[in-house]
Amino acid sequence: MDLFNQETYEGVRRPLREAETLPPECYLSSEFYKREVEKIFMKSWNCVGREDFIKNPGNYFTQSLVGVSMIIMRGHDNKNRAFINACRHRGTPLLEDKGQCVHISCPYHGWTYNTDGGLRTFNAMDEALNLDPKDFGLVEVKLDTWSGFIFINFDPDCDSLQNFIGNLGEHTDSYHWEDMVTVGHREMTIETNWKSYVENSMEPIHLPLVHKKSIGQVFGDGKASWKFYHGNPGEFSIMNTITDRSRAVLRGDEGFDRLPNLSGTAALGAQYIHVNPCMTIGGDLDCMWFKNMVPEGPHKVRNIAAFCFPKSALERPDYDRILANYMKRFYMVIDEDNDIAEAQFSGLKNPFTKTGRFSHYEENVHQFDNWVIDCVIGPSPIEQQVAAE
């Protein structure tokens, strides 16, 4: 099978109700993954965390994306920046995990940098000729923020984050996510492909089976109404379920108050938002959670999940007691998704597994898979013809 030939994807390119799923080889091939890294992750805006991860000058955290280690830091000028996590002397990683620093010091040969990335001092270089410190600051990566989220882009010539996000704010602005506080964080490594894990977050069919001990009744009781939206413009899709109660706690458990002044689709119920390439945001009536399904090769995913609440919830005297209800639900659902993701991947690795078909509930999965093909292979011949006209 030629994974880089448009004819391979004729079935995926059909309208949803006639379309086939991606060939299993797209989830397994190292060569296909290398092209994804080149065409998707090196070109797209990628979420790496929240602004409240680095609230104060000198705060930092490190993040790795497709083999590139970065430092995300708030400088002493209160500006957020992203740097390649490598000393300009011999390339040694400078920082690990998260923390606070006055300046950045290389543990190998002692070169130091200011929190704005500029070279501060260098060691044992007194005989070096034509060495200008201004030429040896840390390598900076493009960074921007939206609704309290931090995004980076490795492409210096990329389009703006605002154009990438498009009109998503029309569906989310009334949540005021930029004012929420991150109260929980969990990171896990799963044996699966990043695309199959992303697809899991874009359809509701699996809920009554995979999540029968937690949130399965959302789909299984037949009362849920689902609507699907695509960025117009913007690199996102939304799966919206109509409900008058929070989906972030289990049925019967107490939750926090509904967010005030919700409007538009945010006021109708829970929104499960996919932002290309690998981010899911759960916008609920009382809180928000998000996860980044970061590839670590074609067969492994680092699932990074975090949970955010309005400041008013943290000020309640019963905050700790009620928060436990949310964390119980979050962790149950995450574990259930992780287990089924690994089970599905074991099936994809079976050499006799073939392409399948899409359900009408998998509208956003179908769109996502075609977006991947557009990025990796190029637009379909029909799309190219329309663009030319």
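Residues numbered from 1 in each chain as written. Predicted model: local features only at pLDDT ≥ 70, side-chain atom pairs only at ≥ 80, totals over all residues. Heavy atoms only, no water.

1. Some points on helix 11 (residues 363-376)
Turning to step 1, where the next piece is worked out: Counted at 1.5 Å a residue, the expected span for helix 11 with its 14 residues is 20 Å, and the 20 Å between its end C-alpha atoms agrees.
Turning to step 2, where the next piece is worked out: Burial analysis of helix 11 places 10 of its 14 residues in the buried class, the great majority of the element.
Turning to step 3, where the next piece is worked out: Phi for G378, located one or two positions after helix 11, is positive at around 120°. (Helix = DSSP H or I, 4+ residues; strand = E, 2+ residues; numbered from the N terminus. Expected span 1.5 Å × (residues − 1). Buried < 20%, exposed > 50% of the residue type's maximum accessible area, 1.4 Å probe, protein only.)

2. Some thoughts on the pattern of salt bridges
Turning to step 1, where the next piece is worked out: With the rule as written, the count across this model stands at 16 salt bridges.
Turning to step 2, where the next piece is worked out: D318 is the salt-bridge partner of R316, the closest N and O atoms lying 2.9 Å from each other.
Turning to step 3, where the next piece is worked out: It is possible to trace a salt-bridge network through shared partners that takes in E254, D257, R316, D318 and R321. (Salt bridge = Lys/Arg side-chain N within 4 Å of Asp/Glu carboxyl O.)

3. Considering the side chain of D286
Turning to step 1, where the next piece is worked out: By the element assignment, D286 lies in the loop between strand 15 (279-283) and strand 16 (288-295).
Turning to step 2, where the next piece is worked out: Buried within the structure, D286 lacks any salt-bridge partner; its nearest side chain of opposite charge belongs to R245, at an N-O separation of 8.5 Å.
Turning to step 3, where the next piece is worked out: Among the polar contacts listed, one links the side chain of D286 to the side chain of S246, at a separation of 2.9 Å. (Lys, Arg positive; Asp, Glu negative; His and termini not counted. Polar contact = N/O pair within 3.5 Å; in protein donor to acceptor, adjacent residues only side chain to side chain.)

4. Examining unusual backbone geometry
Turning to step 1, where the next piece is worked out: Of note, the amide linkage connecting N232 to P233 takes the cis form, showing an omega dihedral of 0°.
Turning to step 2, where the next piece is worked out: For the peptide bond that leads from N276 to P277, omega is 0°, which places it in the cis range.
Turning to step 3, where the next piece is worked out: With respect to the helices, strands and loops of the structure, P277 is situated in the loop between strand 14 (269-275) and strand 15.
Turning to step 4, where the next piece is worked out: Positioned with a positive phi, V66 is a non-glycine residue whose angle comes to about 40°.
Turning to step 5, where the next piece is worked out: Along the chain, V66 falls in the loop between strand 2 (59-65) and strand 3 (68-74).
Turning to step 6, where the next piece is worked out: A positive phi is found at D97, a non-glycine position, where the angle reads about 55°.
Turning to step 7, where the next piece is worked out: Tracing the backbone through its elements, the reader meets D97 in the loop between strand 4 (80-84) and strand 5 (98-100).

5. A look at the environment of P351
Turning to step 1, where the next piece is worked out: By the element assignment, P351 lies in the loop between helix 10 (319-348) and helix 11.
Turning to step 2, where the next piece is worked out: Classification of P351 by relative accessible area gives exposed; the value is 71%.
Turning to step 3, where the next piece is worked out: Through-space distance from the C-alpha of P351 to that of K98 is 42 Å; in sequence the pair is 253 residues apart.

6. Examining the state of the cysteines
Turning to step 1, where the next piece is worked out: Applying the stated criterion across every chain, the model contains 0 disulfides.
Turning to step 2, where the next piece is worked out: Here C87 stays free of any disulfide, with the sulfur of C106 as its closest cysteine sulfur at 3.8 Å.
Turning to step 3, where the next piece is worked out: Overall, the relative accessible area of 5% leaves C87 in the buried class.
Turning to step 4, where the next piece is worked out: C158 carries a free sulfur, and the closest cysteine sulfur to it, the one in C375, is 14 Å from it. (Disulfide = S-S within 2.5 Å.)

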